[in-house]
Amino acid sequence: MSDTLDLLTLTEAKQAIGTTIAATDLDTTIAAYVTSASRLLDANCGPLVNRTYTNETHSGGNYTVRLSNNPASTVTTVTEYQGTTAVVLTAETPGVLPDNAYVLDTPSGYLYRRQGGIDALWYQGRNNITVTYTAGRFASTTTVDARVKQAANMLLRHLWAMQYGSGNLMFGEADMPMPIGFAIPNRVKEMLGSYWLVPAVS
């Protein structure tokens with residue numbers, strides 16, 4: 001695995017496209033395809049494997065800001081700049097209702113400004129709120145759901161076939177060939193189901 005967010009290991013990728021496990025001449029190329037397939041799925045499903053986004057900026061003036069990458073799982077820090085004054089907010093928890101607080105609504109990614117247990121407006125400003133948080137559906141590449149793995153396998157086979165041909169059933173061809181004209185075949189979208197942010201077109 002060349003990238004920490006890759007959905008498939010190199011061995012899994014070789015099995016998916018039907019190359020010899022022991023052969024290493026195409027390892028760099030295959031790894032690049034795995035990363036490309038993983039990023040394509042991230043772009044359409046949101047982050048699949050947990051990763052941290054540091055000091056993401058948002059503008060104030062409303063009751064909520066929406067984090068750019070969802071589903072967001074945990075928030076590390078929230079800082080609201082009130083003019084030149086940096087106010088660090090704390091997470092509101094049951095029974096603990098600080099004046100300068102926030103509540104994260106997962107998995108929508110809406111971050112609510114809270115004050116003494118009620119919603120409050122974020123301080124007015126342009127890019128005056130910074131948030132560091134973790135987003136993703138799975139804790140690590142080893143805990144990725146089986147259907148996500150299968151979708152990544154299908155997409156990798158498809159992308160590989162577009163460039164190198166599909167071979168035969170023993171060496172890389174899917175049991176039902178996918179249309180070459182689409183970067184992401186519909187059956188990959190259907191496999192991912194509710195994870196897919198845009199409804200699949202049949």
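What you are looking at is a predicted structure, and each value in this text was computed from that prediction instead of being measured.

Visitor: Explain the pairing of strand β4 (residues 85-91) here, please?
Guide: Looking down a regular strand, the side chains alternate between one sheet face and the other. Bridge analysis of strand β3 (residues 72-82) against β4 gives five bridges, and the strand direction is antiparallel. Each residue of the ladder has a partner; that of V78, found in β4, is L89. Here β3 hands over to β4 after two residues, with G83 in that stretch at a positive phi of 70°.

Visitor: Looking at this structure, I do not really get the packing of helix α1 (residues 10-17) against helix α3 (residues 146-164). What am I missing?
Guide: Each pair of packed helices can be described by the angle between their axes along with the distance between the axes. Running from N to C, α1 and α3 point in directions that differ by 60°, and their axes come no closer than 9 Å. Between α1 and α3, the interaxial angle falls into the category oblique. In this structure, α1 meets α3 at a crossing whose hand is right-handed. Taken together, the residues of α3 that come into contact with α1 (itself represented by E12, A13, A16 and I17) are K149, N153, L156, R157 and W160.

Visitor: Would you mind going over the packing of α1 against helix α2 (residues 27-45) with me for this structure?
Guide: Running from N to C, α1 and α2 point in directions that differ by 90°, and their axes come no closer than 10 Å. When the axis of α1 is compared with that of α2, the two are roughly perpendicular. Each of L10, A13, K14 and I17 in α1 lies in contact with α2, whose residues at this interface are D27, I30, A31 and V34. Its residues placed into classes, the contact of α1 with α2 shows six nonpolar, no polar and two charged.

Visitor: Explain the pattern of salt bridges to me, please; I cannot follow it from the model alone.
Guide: Evaluation of the coordinates by the stated rule reveals nine salt bridges. For K149, the salt bridge identified is with E12, shortest N-O distance 2.8 Å. Pair noted here: K149 is in helix α3 and E12 is in helix α1, with a separation of 137 residues, a long-range link. Judged by relative accessible area, E12 falls into the partly exposed class, the value being 26%. A salt bridge links R114 to E92, with the shortest nitrogen-to-oxygen separation between them at 3.0 Å.

Visitor: Sorry, what's going on with unusual backbone geometry here?
Guide: Trans peptide bonds make up most of the peptide bonds, and negative phi angles are found at most residues other than glycine. Cis rather than trans, the peptide bond between N70 and P71 has omega equal to 10°. Inspection of the secondary structure puts P71 in the loop between β2 (64-66) and β3. With omega at 5°, the peptide bond leading from T106 into P107 counts as cis. Tracing the sequence through the fold places P107 in the loop between β5 (101-105) and β6 (110-115). The backbone of N55 shows a phi angle near 55°, a positive value even though the residue is not glycine. Even without glycine at this site, N127 takes up a positive phi of about 55°. By the element assignment, N127 lies in the loop between β7 (118-119) and β8 (129-135). Overall, the relative accessible area of 43% leaves N127 in the partly exposed class.

Visitor: Any chance you could explain the layout of surface pockets here in plain terms?
Guide: Summary: where empty space remains is shown by rolling a probe the size of a single water molecule over the atoms. Its volume calculated, the largest pocket comes out at about 170 Å³. Around the largest pocket, the lining residues are G46, P47, R66, S68, N69, N70, P71, P107, R137 and L197. In the lining of the largest pocket, the residues fall into four nonpolar, four polar and two charged.

Visitor: Help me understand the environment of Y195, please; the structure alone is not making it clear to me.
Guide: Note on placement: Y195 falls in the segment after α4 (186-192). Linking Y195 and P71, residues 124 residues apart in sequence, is a C-alpha distance of 9.9 Å. Not counting residues up to four positions away in its chain, the partners in contact with Y195 are N44, C45, R137, F138, R147 and V148.

Visitor: Would you mind showing me how to read the nonpolar core here?
Guide: Side chains of a nonpolar character, in soluble globular proteins, are inclined to be buried together. If you look at the biggest cluster of nonpolar residues, it comprises 29 residues, and the most contacted ones within it are L7, L41, V148, L155, L156, V188 and L192. At the level of secondary structure, the elements contributing two or more residues to this core comprise α1, α2, α3 and α4. Ranked by the residues each element gives to this core, the list is headed by α3, at eight residues. What L155 contacts, discounting residues up to four positions off in sequence, is A37, L40, L41, A183, I184, P185 and V188.

Thresholds applied
Residues numbered from 1 in each chain as written. Predicted model: local features only at pLDDT ≥ 70, side-chain atom pairs only at ≥ 80, totals over all residues. Heavy atoms only, no water. Pairing = 2+ DSSP bridges. Helix = DSSP H or I, 4+ residues; strand = E, 2+ residues; numbered from the N terminus. Axes fitted to C-alpha atoms, helices over the stretch in contact; angles between N-to-C directions. Parallel < 35°, antiparallel > 145°, perpendicular 65-115°, else oblique. Left-handed = near helix turned anticlockwise from the far one by under 90°. Contact = heavy atoms within 4.5 Å. Nonpolar A, V, L, I, M, F, W, Y, C, P; charged D, E, K, R; others polar. Salt bridge = Lys/Arg side-chain N within 4 Å of Asp/Glu carboxyl O. Buried < 20%, exposed > 50% of the residue type's maximum accessible area, 1.4 Å probe, protein only. 1 Å grid on protein atoms, 1.4 Å probe; cavity = no way out; pocket = protein on both sides within 12 Å on 5 of 7 lines; lining within 4 Å. Points joined across faces, edges and corners; volume = space filled by probe spheres on them. Core = buried A, V, L, I, M, F, W, Y, C linked by side-chain atoms within 4.5 Å.

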